[in-house]
Amino acid sequence: MKTILSFSILLFLLLFHFSCEQIVELDLDSYESALSANIVLSTNAQTTELFLGRSLSVQDETAYLALNEAVATLTAGNGPSVVLDFAESITGQLNVQFPGGTISRYVAEDILVFPGDTYSLVLSHPGYPALSAEVKIPDFISQYSVALSDFLLGEDGAEHNALLEISFQDDVDTEDYYELIAYNSGLDSIFVSGFGHYLYFLDNPFPVRINTENNLFDDSWLSSLLMNDKTFNGDLFHFSVQVQFYPQYDGQGNTYFTPITIELRHISESYYRYYRTLNRQNQANGDPFSEPVLVYNSINGGKGVMAAYSTQFREITP
Amino acid sequence: MTETKNNKISFLCWTLLVFQLSYLQAQKYTLHGFIEDAETGEKLFGATVFDVQTYDGTITNEYGFYSLTLPEGEKQIKFSYLGYKEIVREIELSDNVELNIKLTLSNELEEVVISAEKGEKIQENTQMSSVKIPISQIKSLPTIGGEVDILKSLQLLPGVKSGNEASAGIYVRGGGPDQNLILLDGVPVYNVYHLFGFYSVFNADAISSVELFKGGFPARFGGRLSSVIDIRMKEGNNKSFHGEASIGLISSKAILEGPIKKNKGSFMVSGRRTYLDLILRPFIKKSFRDNGENGVTGYYFFDANAKANYKLSNKDRIFLSFYGGQDKFYLRNEYNYDGINGSSGYSRTKADFGWGNLTSSLRWNHLFSDKLFANSSLTFTRYGLLSAYEGEKRYGEQVYELYAFKYASDIQDLGVKIDIDWLPSPHHSIRFGGNAIYHNFQPGVLSFKAGEEETGGIDTTLNQQKINAAEMYIFAEDDWTISRRIKANLGVHGSMFHVRGKNYFSGQPRLSVRYLLNEKSSLKASYCRMRQYLHLLANSSINLPTDLWVPPTDRIKPQQSWQAALGYARDLPEIELSAEVYYKEMKKMITYKDGTSFLLVTDSWENKVAIGNGQSYGLELFAQKKYGKTTGWIGYTLSWSWRKFEEINFGQKFPYKYDRRHDISIVVTHQISKRIDISGTWVFGTGNAITLPQGYYNAMPVIDDNGNIYEAGDIIDYGSRNGYRMNPYHRMDLGINFKRQMKHWQRVWSLSVFNLYNRKNPFYIYQDYDYIQQKNVFKQVSLFPVLPSFSYAIKF
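Remember, it's a predicted structure, so these values are computed and weren't measured experimentally.

A. Molecular detail of the environment of phenylalanine 65 of chain B. Residue and element names in this part refer to chain B. If you trace the backbone, phenylalanine 65 turns up in strand β4 (residues 65-71). It is 28 Å that separates the C-alpha atoms of phenylalanine 65 and glutamate 574, two residues lying 509 residues apart in sequence. In this structure phenylalanine 65 touches His32, Gly33, Phe34, Ile59, Thr60, Leu367, Asp370, Phe373 and Leu423, once residues within four positions along its chain are discounted.

So, in structure tokens, the structure goes:
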């Protein structure tokens, strides 16, 4: 009995000596690199651009290489095909954890994009499986109108708030998605001089957020708002948001307001899902309490997105 | 005699015979009473009572009551219970008889004669998918930190999985931790974990029995989809005073029990508290003082159980039970510092993070007749969490920084219920009753103050809402012996939930059938539908106390499930075998959406969750030896568990985090001598499924109005949700107890080794950058290496 007890205590002390936390480095399964292609077709764009890169394993410290030998073909319905030309390689900022590396830009000029048409992309590059994707251009939005009301004027030089009211007709037969962007400048500034600043949407004191009563805005991407039509499918939809803008000065101490441009895009489902998940992943990064976010991918045989939108502008002066 | 006269006589004889037989058939009497432990007076739940000749029998209910109706005549009635010496009584049944039985614990070292009559045999029981582990066996298992844990012992059973390393979380047949109805003396306990899930809140010294139902749920249970864990507290020794005190690496505990009035009433009081914070307190204070500060920090948990019962009459007994427990982190710190121009500064910080449960019940047992027994209860349960942080900084008399933050959540239930046992014949054991519960929810209130004295600062409260709800259920079930071979438990559970002006109704059929193939084996089948009105928002794989219980809403409907199981049971000499296959579907489950954090309290919880379904199926094999010097079991589970949410993994089915393809557990306890017993466990499980970054690729660049192109960063490629398997988990634990009987007390030294061969089991995996290798690496963190522990106890 005493021998057993003594031996047990000795073993106990020996085992205690070895107690400590340990970390083991893991070897993950090999990750197969694939091409990543991003292309967004717009009824408003004069230049169609495709950005080509490749995916890398997180344990791969190799920087991106330029992929300038791709053959990218864009076809509209049964129409003629257009081959996008390699334009340039864009090198981003190197980062030792996620090498920004290089992405390649392919362009085609003067492709006319029409609502209702379906465009397909086929891309091949030596050393990688071919990619393919397709997207249908959403129709133009009907009965789209805007108005500004409820001005809350700040003191001279300060920001001003107003209620931006927007209405448009949603198609009952389809699942539709929209993106709303507003600029603190008129149409001529945006399209002629290329100068424009985004308006910020407000819901004092926090930005406009989704809520159970009005499941309108799913997310905001940069300064735009993404929406789906679940709560207003088939309706003449009317909603309003707070916007904030600053007055301009004429050099003689007088203030004036430049026109505000509101762009309403009818976006494809791929556009909506891609930017919504991308935004969520960016927001969740670094938060140990949130689940990882998978970003939407619509490219067959690779990564990335082929998306589209039709767009309409309205200009209004406060 | 003429033929006509003979016919008349024959007819008369036959008539008399039939009448006699009918009369004899109708002469049945009821034997009823209570079965208790001879030494302590504790009522024995599940003790077997049967007629040795006809095998008609019954078992005692939770209060030790039995009732058996038999034809009149000479009877040999056997009373038995696992671990106790059986008693056979010969009685002349010519009237209704009350017979109370006291069973004596068997000597553990006596040669045990294995006979077919020992307890209710596995093949005869209608109930499938359930296991009852004797508390003595739980207490003999190896421990971590010297703490016996009831929920961890359940994790050693097939179909029951633990969460992470050393977690006391329970995942039953692919269900989540919120889908377990955990009852303490019939009262639900909402958060059953101390120390973030490492230990359960149940002090094994205060517990008398634990029963787990994984499927085939009797109609009396409802409200959760995946399991019922029915835990009963000790009643206390109603004959003499006894106590026990022990000290281990983690906590110290004590229990005292004794009679209020001998053979009439008894009480039991127990308590447990960690003590490291008290021991380390002076050292921590000194450490603060060495830095010129006045402060202290620490963590502790405690829990207390109390129960009293009193026999008012031969027909009435009342019980009062109570449980309270709390976990708390705390920090207090203040210091002075030299400011500019000779001014002095002062800083103060106070932080508290605590959570706890409180349950109580008042019960009344009443014997209406020898066939009708009723239990009425008034119950209360509460779970609350509070996190508070405040700080202050001054320069001289001026406050220049002042802030306070508080987060609180709470759920309270007040309930009344009645359960009635009616045993009209040996072939029918009927239970029926109902329950009404008033719920009060406060799912997460955040308030904060911040600012300087001059500006007034911010003072706001967010998400402040109290939700009241009412829940009711009624049930009826019949354990029906149709024939010698066929026995069935048929039941229905009907429930209603009312919240925010909306009503939810549910009717849930329950069916279990047993077909006796022969005296040693049987086939069993069960089907049940379950509904769960409450949801648990659980954000991480660690059982955080911040997990919230929330009611259904217009958007978030009650969860539903159905489960079917088919099993085979066999009674071998010394060993019981069972094999079961099951299939379960769960609907309207909730989980946090991708990218959502529970820290985001500015948004309603409804907007943070996705709704989806689950599916699980598998095979469970179980062999158990209950008697003799060596006891234990081997369990193996082969299972699949899936989830499908439209907003997660792009609507594709993905494996549940705790989808473990293979799960093995081996438990052995052996009595070496009267004074020494040893135990060992070995467990193996396929690794958990987690989501790891696998690669990255460029996002769509941002193009501004001028046509300038900016990189939008990289997208992390995770592959699919839960697409990576952690390394398999396996470990061996050993324990040894040394007992020594002194004159008036017994002392027990318990030594345990957790993870004997120092297996580096995965706890979590994180990504890091190795500057020497200049590449990203993934590191697996293991929590517990080989971990010896001890405890010392005295019993009197």
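We are not done yet, so read on.
B. Expanded view of the sheet that holds strand β16 (residues 207-213) of chain B. Residue and element names in this part refer to chain B. A sheet is described by the order of its strands in space; here five strands give the open sequence β9-β16-β17-β12-β13, paired in mixed fashion. Edge positions in the sheet fall to β9 (130-134) and β13 (187-188), since each has one partner strand and no second. In this structure, strand β12 (residues 180-184) lies alongside strand β17 (residues 227-233), joined through five bridges in parallel fashion. Bridge pairing links leucine 183 to aspartate 230 in β17.

C. Just the domain arrangement of chain B, in detail. Residues and elements named next belong to chain B. Domain boundaries in chain B define domain 1 (21-116) and domain 2 (130-688 + 726-795). When each unit is reduced to the centre of its C-alpha atoms, the spacing between domain 1 and domain 2 is 35 Å. In this assembly, 33 residues from domain 1 lie in contact with 39 residues from domain 2. One can count three salt bridges joining domain 1 with domain 2. Salt-bridge contacts for glutamate 62 lead to arginine 431; the nearest nitrogen and oxygen are separated by 3.4 Å. For the side of domain 1 that touches domain 2, the elements supplying multiple residues, two or more each, are β1 (28-37), β3 (57-59) and β4. Tallied by class, residues from the side of domain 1 that touches domain 2 come to 13 nonpolar, 11 polar and nine charged.

D. Inspection of the sheet that holds strand β5 (residues 73-80) of chain B at higher detail. Residues and elements named next belong to chain B. On the basis of which strands lie adjacent, the open sheet formed by four strands has the order β3-β2-β5-β6 and antiparallel pairing. Looking at which strands have only one partner, the edges of the open sheet turn out to be β3 and β6 (87-93). Ignoring strand direction, the axes of neighbouring strands in this sheet form an average angle of 20°. The pairing of strand β2 (residues 48-51) with β3 spans three bridges and is antiparallel. Counterpart to threonine 48 in the pairing with β3 is isoleucine 59.

E. Examining helix α3 (residues 269-284) of chain A more closely. Residues and elements named next belong to chain A. The first and last C-alpha atoms of α3 sit 22 Å apart over 16 residues, in line with the 22 Å expected at 1.5 Å per residue. The element α3 is largely enclosed, with a buried count of 12 among its 16 residues. Phi turns positive, to about 90°, at glycine 286, one or two residues after α3.

F. Expanded view of the environment of isoleucine 418 of chain B. All names here are of chain B. Following the sequence through the fold, isoleucine 418 ends up in strand β25 (residues 398-425). Between the C-alpha atom of isoleucine 418 and that of histidine 535, which follows or precedes it by 117 residues, the distance is 25 Å. Apart from the residues lying within four places of it in its own chain, the contact partners of isoleucine 418 are Asn375, Ser376, Phe432, Gly433 and Gly434.

G. Spotlight on the packing of aromatic side chains. The full count for this structure, using the stated rule, is 44 aromatic pairs over all chains. Taking 4.7 Å as the distance between ring centres and 50° as the angle between the ring planes, the aromatic pair formed by tyrosine 271 of chain A and tyrosine 275 of chain A counts as tilted. Separated by four residues within a single helix, tyrosine 271 of chain A and tyrosine 275 of chain A lie in helix α3, roughly one turn from each other. Relative accessible area serves as the criterion here: at 8%, tyrosine 275 of chain A is assigned to the buried category. When the ring of phenylalanine 353 of chain B is compared with that of tryptophan 355 of chain B, the centres are 5.4 Å apart and the planes differ by 55°; the resulting orientation is tilted. Of the two residues, phenylalanine 353 of chain B and tryptophan 355 of chain B, both sit in the buried class. One aromatic cluster is present, built from ring pairs that chain together Phe34, Tyr63, Phe65, Phe319 and Phe373 of chain B. The ring of phenylalanine 45 of chain B carries the charged tip of lysine 132 of chain B above its face, separated from the ring centre by 3.9 Å. The positively charged end of lysine 653 of chain B is found above the aromatic ring belonging to tryptophan 642 of chain B, 4.5 Å away from the centroid.

Thresholds applied
- Residues numbered from 1 in each chain as written.
- Chains lettered and ligands numbered in written order.
- Predicted model: local features only at pLDDT ≥ 70, side-chain atom pairs only at ≥ 80, totals over all residues.
- Heavy atoms only, no water.
- Helix = DSSP H or I, 4+ residues; strand = E, 2+ residues; numbered from the N terminus.
- Contact = heavy atoms within 4.5 Å.
- Pairing = 2+ DSSP bridges.
- Domains from an automatic or database assignment.
- Salt bridge = Lys/Arg side-chain N within 4 Å of Asp/Glu carboxyl O.
- Nonpolar A, V, L, I, M, F, W, Y, C, P; charged D, E, K, R; others polar.
- Axes fitted to C-alpha atoms, helices over the stretch in contact; angles between N-to-C directions.
- Expected span 1.5 Å × (residues − 1).
- Buried < 20%, exposed > 50% of the residue type's maximum accessible area, 1.4 Å probe, protein only.
- Phe/Tyr/Trp six-rings, centres within 6.5 Å; stacked < 30°, edge-to-face > 60°.
- Lys NZ or Arg CZ within 6 Å of the ring centre and 35° of its normal.

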